[in-house]
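Close look at the chain arrangement
Chain by chain, the residues run as shown.
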Amino acid sequence: QVQLVESGGGLVQVGGSLRLSCAASGFTFSSYIMGWFRQAPEKEREFVAGISWNGGKTYYVDSVKGRFTISRDNAENTVYLQMNSLKPEDTAFYYCAAARGGRLRVVGEEYDVWGQGTQVTVFS
């Protein structure tokens, strides 16, 4: 069964950190690029970060550059999102997604597999 399962969300104070994990199963993880997206209430889904199949290339939305780091462990079939210096505007439901092929992409519709998401809430 093709599956992505996120974990690591929660409540955190402004300036704090969280590390999200996304465990993949049912497909050849190392052949897929991975991405993190988020969606806040009453807002459109937003691309956050993406990583190539071998971790050699990463890409971030401007609002998280320098604060978030995406990484992956192909031996563990897991992708991570380290989030530092969190701000209230980072509050959202965070999803990981997988896309076949080598090209990094930022459009959600180009991803093939999605997780169920995990909530991140940043409070002051």
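Refer to the structure above for everything that follows.
Note that the structure is predicted; figures quoted are calculated from it, not measured. Per-chain numbering applies: the sequence of each chain, read as written, is numbered from 1 onward. A pLDDT threshold of at least 70 governs which residues receive local features in this predicted model, and a stricter bar of 80 or more applies before side-chain atom pairs are shown or counted, although totals over entire chains, interfaces and linings include all residues. By convention in this description, side-chain values take in all heavy atoms of the structure and omit both hydrogens and water.

Every helix listed is a DSSP run of H or I at least four residues long, and every strand listed is a run of E at least two residues long, numbered separately from the N terminus. Considering the arrangement of structural elements, one finds Asp90 in the loop between β8 (78-83) and β9 (92-100). Asp90 sits in the buried class, given a relative accessible area of 0%. In the analysis that follows, any N or O atom pair within 3.5 Å is treated as a polar contact, provided that within protein one partner can donate a hydrogen and the other can accept it, and provided that, for residues neighboring in sequence, both atoms belong to side chains. In terms of polar contacts, Asp90 uses its side chain to reach the side chain of Arg67, at 2.7 Å. Remark: exposure states derive from per-residue accessible area (1.4 Å probe, protein chains only) relative to the maximum for the residue type, with buried under 20%, exposed over 50%, and partly exposed in between.

On to the state of the cysteines. We call a pair of cysteine sulfur atoms a disulfide when they lie within 2.5 Å. Going through the model one piece at a time under the given rule, you end up with 1 disulfide. Residue pairing for Cys22: its cysteine sulfur links by disulfide to Cys96, the two sulfurs lying 1.9 Å apart. Across the S-S bond of Cys22 and Cys96 the torsion is about 45°, and the bridge reads as right-handed. Of this pair, Cys22 sits in strand β3 (residues 18-25) while Cys96 sits in strand β9; the two residues are 74 residues apart in sequence, bridging distant segments of the chain.

Core analysis: the biggest nonpolar cluster contains 30 residues, and Leu4, Trp36, Val79, Leu81, Met83 and Tyr94 have the highest contact counts within it. Sorting the residues of this core by element identifies β3, β4 (32-39), β5 (46-51), β7 (68-73), β8, β9 and β11 (118-123) as the ones contributing at least two each. Take the buried Ala, Val, Leu, Ile, Met, Phe, Trp, Tyr and Cys residues and link them wherever side-chain atoms come within 4.5 Å; each set so joined is a nonpolar core.

A few words on the side chain of Arg67. As for its placement among the helices and strands, Arg67 is situated in the loop between β6 (58-60) and β7. On the basis of relative accessibility, which here comes to 10%, the residue Arg67 falls in the buried class. Any pair of residues with heavy atoms lying within 4.5 Å of one another is described as a contacting pair. Among residues more than four places away in sequence, those in contact with Arg67 are Gln82, Met83, Asn84, Ser85, Leu86, Lys87 and Asp90.

The phi dihedral of Glu42 falls on the positive side, at around 65°, and the residue is not glycine. You can see Glu42 is positioned in the loop between β4 and β5. Of note in the backbone geometry, Asn77 takes a positive phi value of approximately 55° without being a glycine. The topology assignment puts Asn77 in the loop between β7 and β8. Given a relative accessible area of 27%, Asn77 falls into the partly exposed group.

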